[in-house]
Amino acid sequence: MNPASILRMPWVISHAFIRWLALFYIVTCGAASVAFSHFSHKSDWWLGAVLLYGSSLVFTWVFWLSNSLLLAIDARQLRLPGIQRTLMLSLWFYGLLGVALPTLLVALAGGNALVVGELLALCTTIGLAVALLPRYLILLIGFLPALTDELEHIVDIPSLSDPRFVPYAAAAVGLMLLTIGWRWYRLLHAKQPYMQGLRSALVMYARNPSRDGWSSWSSWTGFTVGDQDSSTLIQQSPDWMQPRADLRNVGPRAPINALRVALGRWYMPQTSRGYLIQILTVLVSMLFFIATMATMQSNASPRNFAFAILHGAGIDFIGWLGAMGGTLLMATTVMALTQRWSKVNAELPLLALLPGLGNGMTLRRMLLRAGLGMPLAWMLPLLLLMLFAAWQMQLNVLGFAFITIAQLGNMATMVALVLSIFGGRMPRAWATVLLICGVFILGSLSTFMPSATMGAHSWQFGGYLLLAIGAGWLAIAGVLLWLGLRGWRGLRERPHPFLPV
Amino acid sequence: MNAMLREQAHLPLETRGLQHCYEGVNVLCGIDLALEPGSVLGLIGRNGAGKSTLIRAMLGLLVPLAGSTQVFGEAALKLSDAAKARIAYVPQQPEALAWLTAQQMLDYVGRFYPQWDATFVRTTMERWQIQPNRLLAKLSPGERQRVDLIRALASQPELLVLDEPAAALDPVARRELLREVALRAGESGTTVLFSTHIVSDLERVASEIAFLHQGKLLMHCSVDETKERYARLWLPGKMSAAAPTESLSRRRHEDGSISLVVERDAAGQWPQAAGLAGARVDALGLEDLFVEIAE
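Residues numbered from 1 in each chain as written. Chains lettered and ligands numbered in written order. Predicted model: local features only at pLDDT ≥ 70, side-chain atom pairs only at ≥ 80, totals over all residues. Heavy atoms only, no water.

A. Quick peek at the packing of helix 5 (residues 83–108) of chain A against helix 6 (residues 113–132) of chain A. All names here are of chain A. The geometry of helix 5 relative to helix 6 is characterised by a closest axis approach of 9 Å and an angle of 155° between their N-to-C directions. On the basis of the axis angle, helix 5 is roughly antiparallel to helix 6. In this structure, helix 5 meets helix 6 at a crossing whose hand is right-handed. On helix 6, the residues touching Gly95, Gly98, Val99, Pro102, Thr103, Val106 and Ala107 of helix 5 are Ala113, Val116, Gly117, Leu120, Ala121 and Thr124. Per-class residue counts for the contact of helix 5 with helix 6 are eight nonpolar, five polar and no charged. (Axes fitted to C-alpha atoms, helices over the stretch in contact; angles between N-to-C directions. Helix = DSSP H or I, 4+ residues; strand = E, 2+ residues; numbered from the N terminus. Parallel < 35°, antiparallel > 145°, perpendicular 65-115°, else oblique. Left-handed = near helix turned anticlockwise from the far one by under 90°. Contact = heavy atoms within 4.5 Å. Nonpolar A, V, L, I, M, F, W, Y, C, P; charged D, E, K, R; others polar.)

Listed below in structure tokens is the structure:
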């Protein structure tokens, strides 16, 4: 062990993609914080800057530096000496550096050093704790806004200007450190530390091997349904969640259904019981979010709780479902098919040599119908739900148009990327991630901005913002058209569609 | 009649000038290989020699950089349903259809093959102790490989291609598989191509052997012929200059002596150097031959 190995440790614990993403994020937020401090004329100028930088600290510790645990586990399993100590020293060094350096700068500029230091220490420890805690607890983060609102009525949470903030925050940091220590020890000494599932730590999802970083990032972001190895996914699911195939109408006479079976998971025709369990699983998980929004609404109008649940939460939920659900469906489909088309020992050779599926353009059309039919069949009701929500919210024509564009954008992205996969012309992983992120951001803005920028409380530059969103969609449409045509050409030119990407 | 003659003229598998590379590294360097009907060809080579790539290219599962492959006279990349029905392929560590149970997978695949042998499926599942209602994802790698072998054999193929079929099997299952392969080849005239590291497997069932090394096919002959045709020529240091220029491998020892794997010429003679005083020709078993060349 030497100082160089301590300094180098973050460079060896994670995939380059995550590392560069975190570095980019931290540098961008750091620069934004400096700019914010420079241009802000408020007395508490430092607060915004610290929160900006703090968000990048959380990101860095959740997605990057927490990977130290994986190396620690591997080192322990392989009985490698000295690594644990180097890792610990490295974590403490970068933890203190990330807090001390900005605190010093803010203090020199006249900010409240103690509060800043504690806030940044909280960001650091919360980030690492989130990565180490079980995933089911992470799901509850969705409740935090509502929980904070509720707690404010019960517990007196001191504000930043309150002198009691310092001991409260110090206690919170101490609690987080204890949590981290406990979870680190448990995971390090677990008999099967690599098992994944709702009870496993979030950081375990960074273990997915990938040459391009796509898998590791998608795992981190939770889009693991399609991307994760199918066998692993099934092994980790409890028996009641296992797929239940219905093979009654499958075979050479029903080739599309046969292809759906080969595409697997949610493409697969299932028994009524299988579908019911899937729908119930989705609905129950959505109840968390409905309850969160209902609670937030009930705070706004406590006397009208029932109405808040039925109307406010319902409409909010539909809005959320439309904005997130469409992108999630698109991303999940793309990742599932990317996985299928990258494995050379799974479904591809089987399909390529399976007689009875036909050849030429007929086979290609059937594959497209199998690959696109199901996700589009789910996306269409989502669009209708969104339009219903827009009607309930009495949005104007522009609002309707933007919501429709957002959903069509998700559909078009999925079609273009699926064509790229089948045609063997998949863009690079970073470009795909960038495209999906772009569509998600534009989709969210298109869903929520028209209602915020128009009407009685319209924003001053709302019109310009909508114009910018429209321009963004035009640019995306150009990219999608190019991708789609390229994929279609590739699909037509390939000798058969079951060749790996 | 003409159609039958035409069909008989087509080899089950024939490849010419196959070339492929991954990330700029050549994996296949102009491979020519043909399988006679009813032959059992064992493809042997070290890890990364290009065996799986060769098999996949020969079956049209990847587009090679250059060269062509014909399966039953059809271009491998554009096989008709009729040709596909005559082929069965088991990849290394098969992972297909993890979301189906073993029984469901065999039932699903069986619907596509006109000569599917359901009785073979049932009896072999029982004999190999595969739980039919377990999801494939929950089976061990060995069990999964066995299910895939059942899938391949139940279609009663004329061409059976197995990529490292015994890799995950225990000795009992391995022996059963080899027996089944020999039986298919002997009784039904099934042509078999299988890759392996296990030389004893080759000796047990293969009628021909092809040795792939660094993307090149170094030898292709019958198993019996290897013992007659190849040998190790040892020359003392002072005679090393007389060593033949063409050999399958060449190794110089610390004492200056030299070992070469040499081949008989068309007249059945060893290279001239073998006749020199002090030179020694050692017969090589298949495993020794493999190690000598691969090292």
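B. Highlighting the interface of chain A and chain B. Across the boundary between the two partners, chain A contributes 44 residues, which contact 36 residues of chain B. Carbon and sulfur atoms make up 62% of the area that chain A and chain B hide from each other, which totals about 3,400 Å². For chain A, the biggest contributors to the area lost against chain B are Asn345(A), Leu353(A) and Pro355(A); these three give 20% of the whole. On inspection of chain A and its partner chain B, the count reaches one salt bridge. A salt bridge links Glu95(B) to Lys343(A); the nearest nitrogen and oxygen atoms lie 2.3 Å apart. Connecting chain A to chain B are 13 residue pairs in polar contact (both at pLDDT 80 or more). Only helix 12 (230–236), helix 13 (255–263) and helix 16 (347–352) of chain A provide two or more residues apiece to the side of chain A that touches chain B. (Buried area = accessible area lost by both parts, 1.4 Å probe. Salt bridge = Lys/Arg side-chain N within 4 Å of Asp/Glu carboxyl O. Polar contact = N/O pair within 3.5 Å; in protein donor to acceptor, adjacent residues only side chain to side chain.)

C. Looking closely at the environment of Ala16(A). All names here are of chain A. When you line up the elements, alanine 16 lands in helix 2 (residues 16–39). Note on alanine 16: relative accessible area 30%, which makes it partly exposed. Sequence-wise, alanine 16 and arginine 265 are 249 residues apart; in three dimensions their C-alpha atoms are separated by 30 Å. (Buried < 20%, exposed > 50% of the residue type's maximum accessible area, 1.4 Å probe, protein only.)

D. Representation of the sheet that holds strand 14 (residues 280–283) of chain B. All names here are of chain B. As summarised here, the arrangement of the four strands in space is 12-13-11-14, forming an open sheet in which the pairing is antiparallel. Two strands bound the open sheet, and with one partner strand each, they are strand 12 (249–252) and strand 14. Recorded for the sheet is a direction-independent mean angle of 25° between the axes of neighbouring strands. In this structure, strand 11 (residues 230–235) lies alongside strand 14, joined through four bridges in antiparallel fashion. Residue pairing across strands places leucine 233 opposite valine 281, the latter belonging to strand 14. (Pairing = 2+ DSSP bridges.)

E. Region of interest: the domain arrangement of chain B. Residue and element names in this part refer to chain B. What the domain assignment lists for chain B is domain 1 (2–96 + 155–214) and domain 2 (227–294). Domain 1 and domain 2 are separated by 31 Å when their C-alpha centres are compared. Each partner contributes to the interface: domain 1 provides nine residues, whereas domain 2 provides five residues. For the pair domain 1 and domain 2, the summed buried surface comes to about 700 Å²; carbon and sulfur atoms form 79% of the total. Where domain 1 meets domain 2, there are zero salt bridges. At the junction of domain 1 and domain 2, the tally comes to zero residue pairs in polar contact (both at pLDDT 80 or more). (Domains from an automatic or database assignment.)

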